[in-house]
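Below, each chain spelled out in residue letters.
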Amino acid sequence: MKLSRILLPLFLLCAVPAFALTDDQVVKYIKEQSAAGKSEKQIGKELMAKGVTPEQVKRIKAKYERERSADVPAQSSVQEYDGRKLVTSTRDVEEVTVVEGRDISGLTYNSSAADSENVRKRGSRSVYGRELFNSKSLTFEPNENMATPQNYKLGPGDEVVIDMWGNNEEHISQVISPEGSIMIAQLGPVYLNGMTINEANKYIKGVFARKYAGLGDNETEINVTLGDIRTIQVDIMGEVSTPGTFRISPFSTVFHALYNAGGINDIGSMRNIQVLRNGRKVATVDIYDYLFKGKQTGNIRLQEGDVIIVPPYSQLVEVAGNVKRPMAYEIKPTETVATLLDYAGGFSGDAYGGMVRLERQNGTENELYNIDKAQFASYKLKDGDVVTIGTVLDRYANRVELNGAVMRPGVFALGKDIVTLTDLLNKADGLKEDAYKERALLYREGPDLTLEVIPFNINDILTGRAPDITLRKNDVVEIASVQEIFERGDFTIDGQIANPGQYSYVENTTLEDLILRAGGLLEGASRARIDISRRVVDPDAVEQTSVIAQTYTVSLENGIAADGKRGFMLKPYDVVHVRTSPGYEVQKNVLVDGEVLFAGTYALQTRNERLSDVVRRAGGVVEGAYLKGAWLSRKLSDSERLARDEAMRVAQQNTTGEDSISINKIELSDSYNVGIDLVKALEMPGSTYDIILQEGDHLYVPEMQSTVRISGDVMFPNTVVYEPGKNLKHYINQAGGYGDRAKKSKAFVIYMNGTVAKANNKTPIEPGCQIMVPSKQKSSTDWSKILSIATSFSSLATMAATIGNLLR
């Protein structure tokens, strides 16, 4: 007989707790009993009775198959039972019978599809106690290591151990036969079925006295003990997950048997479980006695042939709402609303306990009942009842509220300590210093819960000139502060001040005070003129005027207002403008570089200082300077930079595809070249050639040049030697001639001084210049035109519209 053939059915059948059998003992037992000729089924039942667990069987089987896997290739198959997978090995197993059972090591299986159809669907309600027998950690397994109970009766399958010592010594171990007896040499069969251990001990002693002398004289002692115990067979019927016949330990109780049967199903009763023995009822089990009181009345130890019957429930009642354990409960016909509330753990903290609502079906329709608190203990429930517990009202019976300019605003309890308005103010530690005492408001609920406002004078009440106000529940007292009643707008100061900005209003603030708060005047501030603008406020006006602001001009002497405005008082929302002194100028520098005697940075001395003035201050040009090539770089002003950015934005909106990519790649500089003629500027000082300089200008005077550069769409862009008198054609030929896509009519010359001229054969070519030959463009967008006009408009709107037209 193959070991795996026995282990797999055993794995599926085991449903009793663990005994102290090692893996090697299990394997040894299987081999010995197989050699004795016992069937697989009988060996499996015996091991099950000895407490071999499913985990132990699985472990032994896996170990056995690993040892065999080197010689025999394993084949596995996956069988499905009721949607669940059971993996079996086909190497040694020729046939597996799946029996109804529990979840073993994570595997759940059913006997057949017909049986699974008989399993009722679980209801939507969660019934308290129904999951008791479905927990893997609560099996109610018996303790096999305890002493044999005094009332335990021997039966077939029990091992009886007889020990004698004294004048005669003998050790006998026999298993009670199916006929109820053991076989003793020279004495024959000894019938022990139905006896307790004590009864068997006395009986065996009397039987052995016929064989052994001295037993009657106490010279030889005899002791009978119980060795391996048998299993008993019980039937579990009715509303359980797996009804049927089960072999369990003889020490098992009703609870352990119910656990083996998979627990109670959705319609089974937990309050009226019957235990029958020899056709007579010997116990009634109420699981709620165990769950709520810890009592195990009726949870008796089972005997061979006992029948457990779980009938359908009698009454299920659901409790919902504000209880600690809202769910369904099985109720006996004599139990009341008070009992149900006890089962549900009582009311929750926010429950309304004066009444519960009951919904009941009368066979035709639903009915509602209001059960008062006085009826809880007497009102009996019926099957299908739903009891709902409401919540307390979201309001207070004794609350008053105090807000505003008091030391401790908040909610207070109306009662013995707080009856009147004065009591409430005292409880809040009084008014704040800025409380407005001339008028406060009391909001009070009317009989229909509409709000009414009661104004009162706090000063009059506190001084006794007016009667105190008696408070009612839900009164709300609002006490405003002076700052809330009287508007106090901030001061604003800007211009030549250290910290311009807004400053909070402070009464009696003067102009000098505000300047001091703002960090004082800056170096460029004008003390001769400081302007103050004030809002026009005329609450009694009945028609609109043309005056929208009042302005004041103040001068300062040594930080104090003069001109009769000494101590000029500011009002809320006053705006102070500190002007810049017309006699204040910051140095404006220009850079002179290149072929001058003293190159470097020079500060402009006058507003209209010109090119010739700065060159003269730099010591003039040195010998070898190329005056015609001198150039001037100028920084963009803020308005010019804004115009350029706007031009680029409009261009971006009006371009797509490659043009859009091209415009994103354009690198823009914050400076631009100004075309100058330094020769004429020096020859004619003060003329239009002698331009006026601006801050940040950079004048560069190069040394003499002797080359000309040819770029663009030519065959070979090149830099060649300057030859006096040669025209454009000569230099184009020096670059190999025009390219295939050259736009000859648009060629131009860029001179070193920043000027540009259209190129033709009459255009003078000078040393250091650059001849540019553009290509015929694929895009119709003329970026050079757009960028050239970017800073030429005084209005951004005009510039944007012009660019838009160009792009279209």
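My aim in this report is to walk through the structure given alongside it, one point at a time.

Rules used throughout
All residue numbers here refer to positions counted from 1 along the written sequence of the relevant chain. Local features in this predicted model are restricted to residues of pLDDT 70 or higher, and side-chain atom pairs are both shown and tallied only at a pLDDT of 80 or more, whereas totals for entire chains, interfaces and linings draw on every residue. Side-chain measures here rest on the full set of heavy atoms in the structure, leaving out hydrogens and waters. Labels follow the DSSP assignment, with helices taken as runs of H or I lasting at least four residues and strands as runs of E lasting at least two, numbered in each case from the N terminus. Buried means the residue's accessible area, taken with a 1.4 Å probe over protein chains only, is under 20% of the maximum for its type, while exposed means over 50%, and partly exposed covers the values in between. It only takes one pair of heavy atoms within 4.5 Å for two residues to be counted as in contact. Only the protein chains shown count as cover for residues, and the accessible areas themselves come from Shrake-Rupley with a 1.4 Å probe. By convention in these notes, a salt bridge is any Lys or Arg side-chain nitrogen within 4 Å of a carboxyl oxygen on Asp or Glu. Think of it this way: a Phe, Tyr or Trp ring, Trp meaning its six-membered ring, pairs with another when their centres are within 6.5 Å, and the plane angle makes it stacked under 30 degrees, edge-to-face over 60, tilted otherwise. Charge over a ring is defined by NZ of Lys or CZ of Arg lying within 6 Å of the ring centre and within 35 degrees of the ring normal. Note on pairing: DSSP must find at least two bridges between two strands before they are called paired. Axis definition: a line fitted to C-alpha atoms, over the contacting stretch in the case of helices. Angles run 0 to 180 degrees between N-to-C directions. Patch members must show over 30% relative accessible area and no salt bridge, and they are joined within 9 Å when carrying like charges or within 5 Å when they are nonpolar side chains of Val, Leu, Ile, Met, Phe, Trp or Tyr. For the purpose of charge, His is not counted, nor are the chain termini; Lys and Arg are scored as positive and Asp and Glu as negative. By convention, the charge on Lys lies at NZ, on Arg at CZ, on Asp at CG and on Glu at CD.

The helix and strand tally for the protein stands at 20 helices and 39 strands. Counting all 808 residues of the protein, 40% fall into the buried class. Sequence-distant contacts in the protein: of pairs separated by 6 or more residues, those separated by 24 or more amount to 62%. Total accessible area computed for the protein in this model is approximately 45,200 Å², and 49% of it derives from carbon and sulfur atoms.

Turning our attention to the pattern of salt bridges. Enumeration according to the criterion identifies 22 salt bridges in this entry. Here Arg277 makes a salt bridge to Asp306, at a shortest N to O gap of 2.7 Å. In this pair, Arg277 is assigned in strand E10 (residues 273-277) and Asp306 in the loop between helix H8 (287-293) and strand E12 (307-310), connecting sequence segments 29 residues apart. Accessibility assignment for this pair places Arg277 and Asp306 in one class, buried. Asp385 is the partner of Arg360 in a salt bridge, and the nearest nitrogen-oxygen pair spans 2.6 Å.

Taken as a whole, this structure holds 16 aromatic pairs when the rule is applied. For the cation-ring pair, Arg360 lies above Tyr369, with the distance from its terminal atom to the ring centre recorded as 5.7 Å. Directly above the ring of Tyr573 sits Arg535, whose terminal nitrogen or CZ lies 3.6 Å from the centroid.

Here the focus is the sheet that holds strand E32 (residues 631-635). Taken together, the five strands give an open sheet; going across it, the order is E31-E30-E34-E32-E33, and neighbouring strands pair in mixed fashion. One side of each edge strand has no neighbouring strand; the edge strands of this open sheet are strand E31 (600-603) and strand E33 (671-674). Geometrically, the sheet is characterised by an average inter-axis angle of 25° between neighbouring strands, direction not taken into account. Both E32 and E33 contribute to a ladder of four bridges, which runs antiparallel. Opposite Ser633, over in E33, you have Asn673 as the bridge partner.

Along the chain, the position of Asp740 falls in the loop between helix H18 (728-734) and strand E37 (748-750). Judged by its relative accessible area of 78%, Asp740 falls in the exposed class. Taking C-alpha positions, Asp740 is 8.2 Å from Val714, a pair spaced 26 residues apart along the chain.

Moving on to a positive patch on the surface. Taken together, the side chains of Arg741, Lys743, Lys744, Lys746, Lys758 and Lys776 define a basic patch exposed on the protein surface. A relative accessible area of 35% places Lys743 in the partly exposed class.

The subject of this paragraph is the environment of Ser135. Mapping Ser135 onto the fold places it in the loop between helix H5 (113-117) and strand E3 (159-166). Residue Ser135 is classed as partly exposed on the basis of its relative accessible area, which comes to 24%. Sequence spacing of Ser135 and Gly263 is 128 residues, and the spatial spacing of their C-alpha atoms is 9.5 Å.

Summarising the sheet, E3 and strand E4 (residues 170-175) pair through six bridges and their orientation is antiparallel. Within E4, the position partnered with Ile162 by the bridge is Ile172. Between E3 and the antiparallel strand that follows it, E4, lie three residues.

Let's shift gears to the sheet that holds E4. On the basis of which strands lie adjacent, the open sheet formed by three strands has the order E4-E3-E7 and antiparallel pairing. The open sheet is flanked by E4 and strand E7 (220-226), the only strands paired with a single partner. Along the sheet, successive strands turn relative to each other by an average axial angle of 15°, direction set aside. Seen against the sheet, helix H6 (residues 197-208) touches E3, E4 and E7 and runs at an angle of roughly 140° to E7.

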